[in-house]
Amino acid sequence: MWIYEKKLEYPIRIKNPNPRLAKLIITQYGGADGELGASLRYLSQRFTMPDAVTKGILNDIGTEELAHLEMIGSICYQLLNCAETRELAEEYADAYVEHGKGVYPQNAAGVPFTAAYLQSKGDPIVDLTEDLAAEQKARKTYEYLIKMCDDPDVLDPLRFLREREIVHYQRFGEALGKVQECLSDKNKFFMGMKKE
Amino acid sequence: MNQTINYEKEELLYQIAAWDFRKTDLALFLDTHPHDMQAIMLFEEAKYKSTMLRNMYESNYGPLVHGTNCPNYWNWIESPWPWEVHR
């Protein structure tokens, strides 16, 4: 189960409202490669992982992704909270009429979150391969966001989150390697079949 | 709901977040390297530092989890919450 700690994993202190950035960054809240998708994916896949290492890593990375979800939500909240009507009308009107200054799981184009963004296939090779791809997609999304961003208060947590994706990719690679070691020698293509 | 900044409090919370993050990162590493004794020792060190700083924070500024240092009212609900803006 989860316990809530009254702190963010990494501090976020944004001084200047910026609805334009909020519209982009929300994509890591409710978009295809965002933190909500990542948490649900890993926390769903963990049930059918075959051993201690894989259960542990899926559980723990999934938990960290929830902390990242909170960070992204906090960034968007702080970017919008003190924004003036003029700024909102210029860059944020569509989202504003639907959600006001509220934080809602959607991507940068306003498409709401869906579980179709993730898969949990009950097979460790399938699931871990998807997880490697997911971390790369998330990393790239942060890189694109960093390129679009000119506020150092926002760049700082974005860079942290990008680095975490790289570390997660490393850990999932190690987990996949461990699973592959346990496969039958006959199974040269590393499909999800148990050792005989 | 803007809070005026208490720099000592913010600095202490920053230190706690740093040691807690070290714990988290080591925990992920240990999940795939469960017998790495050096990592376990580093984890224990981070846990010790985090615990000490948390005790200091909680006795001065309020709980980080439910119910620690609860005075005569449920101060858990008091601001600031982690997402709140500091000016």
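Placed above this text is the structure.
Quantities reported herein were computed from a predicted structural model and do not represent experimental measurements.

Student: In this structure, what is going on with the layout of surface pockets? I would like to understand it.
Tutor: Gaps between atoms show up when a probe of the same size as a water molecule is rolled over them. Taken as a whole, the largest pocket spans an internal volume of roughly 780 Å³. Along the walls of the largest pocket sit 24 residues, with Ile3(A), Glu5(A), Thr63(A), Ala67(A) and Thr24(B) positioned nearest its centre. Taken together, the elements giving at least two residues each to the lining of the largest pocket come down to helix 4 (52–81) of chain A together with helix 1 (7–32) and helix 2 (37–61) of chain B. Residues of the lining of the largest pocket, tallied by class, amount to twelve nonpolar, three polar and nine charged. Lys6(A), Leu13(B), Tyr57(B), Pro80(B) and Pro82(B) are, among the 25 residues lining the second largest pocket, the residues nearest its centre. Contributing elements (two or more residues each) for the lining of the second largest pocket: helix 1 and helix 2 of chain B. Within the lining of the second largest pocket, the residues separate by chemical class into 15 nonpolar, four polar and six charged.

Student: Sorry if this is basic, but what is going on with the packing of helix 8 (residues 152–181) of chain A against helix 1 of chain B here?
Tutor: Angle between the axes and distance between the axes are the two parameters that describe a pair of packed helices. Contact pair helix 8 of chain A / helix 1 of chain B: the axes reach a minimum separation of 9 Å and the direction vectors enclose 20°. Here helix 8 of chain A lies roughly parallel to helix 1 of chain B, going by the angle between them. Here helix 8 of chain A runs over helix 1 of chain B; the crossing is left-handed. Facing Phe160(A), Arg164(A), Val167(A), His168(A), Arg171(A), Glu174(A), Ala175(A) and Lys178(A) of helix 8 of chain A, the residues of helix 1 of chain B in contact are Phe21(B), Asp25(B), Leu28(B), Phe29(B) and Thr32(B).

Student: Would you mind going over helix 2 of chain B with me for this structure?
Tutor: One turn of an α-helix holds 3.6 residues; hence residues three or four places apart share an orientation. Residues and elements named next belong to chain B. Taking 1.5 Å of rise per residue, the 25 residues of helix 2 would be expected to cover 36 Å, and the 35 Å separating its terminal C-alpha atoms lies within 8% of that figure. Ala39, Phe43, Ala46, Ser50, Leu53, Arg54, Tyr57 and Glu58 are the residues of helix 2 that are buried. Residues of helix 2 that are buried make contact with helix 1.

About the criteria used
Residues numbered from 1 in each chain as written. Chains lettered and ligands numbered in written order. Predicted model: local features only at pLDDT ≥ 70, side-chain atom pairs only at ≥ 80, totals over all residues. Heavy atoms only, no water. 1 Å grid on protein atoms, 1.4 Å probe; cavity = no way out; pocket = protein on both sides within 12 Å on 5 of 7 lines; lining within 4 Å. Points joined across faces, edges and corners; volume = space filled by probe spheres on them. Helix = DSSP H or I, 4+ residues; strand = E, 2+ residues; numbered from the N terminus. Nonpolar A, V, L, I, M, F, W, Y, C, P; charged D, E, K, R; others polar. Axes fitted to C-alpha atoms, helices over the stretch in contact; angles between N-to-C directions. Parallel < 35°, antiparallel > 145°, perpendicular 65-115°, else oblique. Left-handed = near helix turned anticlockwise from the far one by under 90°. Contact = heavy atoms within 4.5 Å. Expected span 1.5 Å × (residues − 1). Buried < 20%, exposed > 50% of the residue type's maximum accessible area, 1.4 Å probe, protein only.

Worth remembering: the numbers are spatial, not functional.
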